[in-house]
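Below, each chain spelled out in residue letters.
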Amino acid sequence: MISEKQNIKISKFLSLVLRHKPEAIGITLDENGWTNVDILIEKVNAAGTFITPAVLKHVVDTNSKKRFAFSDDLKMIRASQGHSIDIELGYEPKEPPAILYHGTAEPFIESIFKTGLEKRKRHHVHLSKDFETATKVGQRHGKVIVLEVLSGEMHNEGFEFFVSENNVWLTDHVPVKYLRKNL
Ligand code: HQG
């Protein structure tokens, strides 16, 4: 239908407008991050990236990290996590596994072990339940370091965790005492 290269290009553009800058193409997100599919398609086309409803569905279905989700009636679409703008994803708090992983890069380690894991520009700290995924996340930033997060202990002590529709674990902040480095 479309090349892999085109698929990735559209996915990146959707991440930009559904997570960070809807105003770049003149769409708005509701308080839960949803936007109307027909309007999105119209505005993405107007901005110079050619997509049809079938192409959009293909990009959503084949996305390696399932970054986007349609509403049940298929009229709305949103990013499942990763936003920098102020929306409420509405995920219910959930008990995490005993251990979760966070992939980061070496230059950040000193600062992380001073202040803990911070959400930075995003809404939450992003954690993975498997080591491999965390490794891939960390590699985006440089020489990868995977940290172990004592999520079970945090949960017992009252910290809230959420899991996104695409299985990313989310929390507000991970204090240093729940982090382990030497994996
Ligand atoms: C680091 C991608 C210094 C943190 C991925 C990370 C993920 C600190 C960076 C999702 C720090 C933020 C999220 C501190 C945290 N001092 N550095 N105190 N606390 N950091 O990209 O977790 O492809 O915002 O370790 O796959 O890397 O977008 O977060 O290195 O799921 O769908 O600050 O984004 O998904 O970087 O990645 P990011 P992330 P998508």
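Preceding this paragraph is the structure being described.
Rules behind the numbers
Residues numbered from 1 in each chain as written. Predicted model: local features only at pLDDT ≥ 70, side-chain atom pairs only at ≥ 80, totals over all residues. Heavy atoms only, no water. Helix = DSSP H or I, 4+ residues; strand = E, 2+ residues; numbered from the N terminus. Rg over C-alpha atoms; globule rule 2.2 N^0.38 Å. Buried < 20%, exposed > 50% of the residue type's maximum accessible area, 1.4 Å probe, protein only. Contact = heavy atoms within 4.5 Å. Lys, Arg positive; Asp, Glu negative; His and termini not counted. Charge placed at Lys NZ, Arg CZ, Asp CG, Glu CD. Near = heavy atom within 4 Å. Polar contact = N/O pair within 3.5 Å; in protein donor to acceptor, adjacent residues only side chain to side chain. Areas by Shrake-Rupley, 256 points an atom, 1.4 Å probe, with all protein chains shown as cover. 1 Å grid on protein atoms, 1.4 Å probe; cavity = no way out; pocket = protein on both sides within 12 Å on 5 of 7 lines; lining within 4 Å. Sits in = over half its atoms within 2 Å of the grid points. Phe/Tyr/Trp six-rings, centres within 6.5 Å; stacked < 30°, edge-to-face > 60°. Pairing = 2+ DSSP bridges. Axes fitted to C-alpha atoms, helices over the stretch in contact; angles between N-to-C directions. Core = buried A, V, L, I, M, F, W, Y, C linked by side-chain atoms within 4.5 Å.

Engineer: Explain the overall build of the protein chain to me, and be specific about the residues and the numbers.
Structural biologist: Scanning the protein chain for helices and strands turns up 6 helices and 9 strands. Relative to the 2.2 N^0.38 estimate, which gives 16 Å for 183 residues, the radius of gyration of the protein chain is 18 Å and therefore close to what a compact globule would have. Summarising its shape, the C-alpha atoms of the protein chain cover approximately 50 × 30 × 25 Å along the three principal directions. When burial is assessed residue by residue, the protein chain has 44% of its 183 residues classed as buried. Pairs at least 24 residues apart make up 71% of the contacts formed inside the protein chain by residues separated by at least 6 positions. Each charge class in the protein chain was averaged separately, 25 positive and 24 negative side chains, and the resulting centres sit 8 Å apart.

Engineer: Just give me the short version of the site of the ligand, but keep the residues and values in it.
Structural biologist: Taken together, 18 residues surround the ligand, and among them Arg19, Lys65, His102, Ser111 and His141 come closest. In this structure, an oxygen atom belonging to the ligand sits 2.8 Å away from a side-chain N or O atom of Arg67. The backbone of Glu118 places a nitrogen or oxygen atom 2.9 Å from a nitrogen atom of the ligand. Protein chains bury 89% of the 780 Å² of accessible surface belonging to the ligand in isolation. With respect to the detected pockets, the ligand is housed in the largest pocket. Every element with two or more residues in the shell around the ligand is listed here: strand E4 (100-105) and helix H4 (106-115). A per-element tally of the shell around the ligand places H4 first, with 4 residues.

Engineer: Mind laying out the packing of aromatic side chains, listing which residues take part and the relevant values?
Structural biologist: As enumerated under the stated definition, the model contains 2 aromatic pairs in all. Plain terms: the ring middles of Tyr101 and Phe131 are 5.7 Å apart, the flat faces sit at 80° to each other, and that makes the pair edge-to-face. With Tyr101 in strand E4 and Phe131 in helix H5 (residues 131-139), this pair connects stretches of sequence that are 30 residues apart. By relative accessible area, which is 38% here, Phe131 ends up partly exposed. Look at Phe159 and Tyr178: their rings are 5.5 Å apart centre to centre, the planes differ by 75°, and that puts the pair in the edge-to-face class. In this pair, Phe159 is assigned in the loop between helix H6 (151-156) and strand E7 (162-163) and Tyr178 in the loop between strand E8 (169-171) and strand E9 (179-180), connecting sequence segments 19 residues apart. Given a relative accessible area of 26%, Phe159 falls into the partly exposed group.

Engineer: Help me get a handle on the sheet that holds strand E2 (residues 68-70), residues and values and all.
Structural biologist: Reading across from one edge, E1-E3-E2 is the order of the 3 strands in this open sheet, with antiparallel pairing throughout. With partners counted over all chains shown, the strands left at the sheet margins are strand E1 (35-36) and E2, one partner each. Note that E2 and strand E3 (residues 76-79) share 3 bridges and pair antiparallel. Among the inter-strand pairings, Ala69 is bridged to a residue of E3, identified as Arg78. Sheet strands in contact with helix H3 (residues 53-62) are E2 and E3, and its direction is about 125° off that of E2.

Engineer: Explain the nonpolar core to me, and be specific about the residues and the numbers.
Structural biologist: With 19 residues, the main nonpolar core has Leu14, Leu18, Leu40, Leu56 and Ile77 as its most contacted residues. Mapped onto this core, the elements with two or more residues apiece are helix H1 (4-20), helix H2 (37-46), H3 and E3. What Leu18 contacts, discounting residues up to four positions off in sequence, is Ile27, Leu29, Thr35, Leu40, Phe68, Ile77, Arg78, Ala79 and His83. Within the second largest apolar cluster, 17 residues are counted, among which are Leu147, Val149, Phe161 and Val163.

Engineer: Please give an account of the sheet that holds E8 that cites residues and values.
Structural biologist: Note on sheets: strands pair through backbone hydrogen bonds, and any given pair is parallel or antiparallel. Across the sheet, 3 strands lie side by side as E5-E8-E7; this open sheet has antiparallel pairing. The sheet is open, and its two edges are formed by strand E5 (125-127) and E7, each paired on a single side. Strand direction decides the pairing type here: E7 and E8, joined by 2 bridges, are antiparallel. When the sheet's bridge partners are listed, Val163 is paired in E8 with Trp169.

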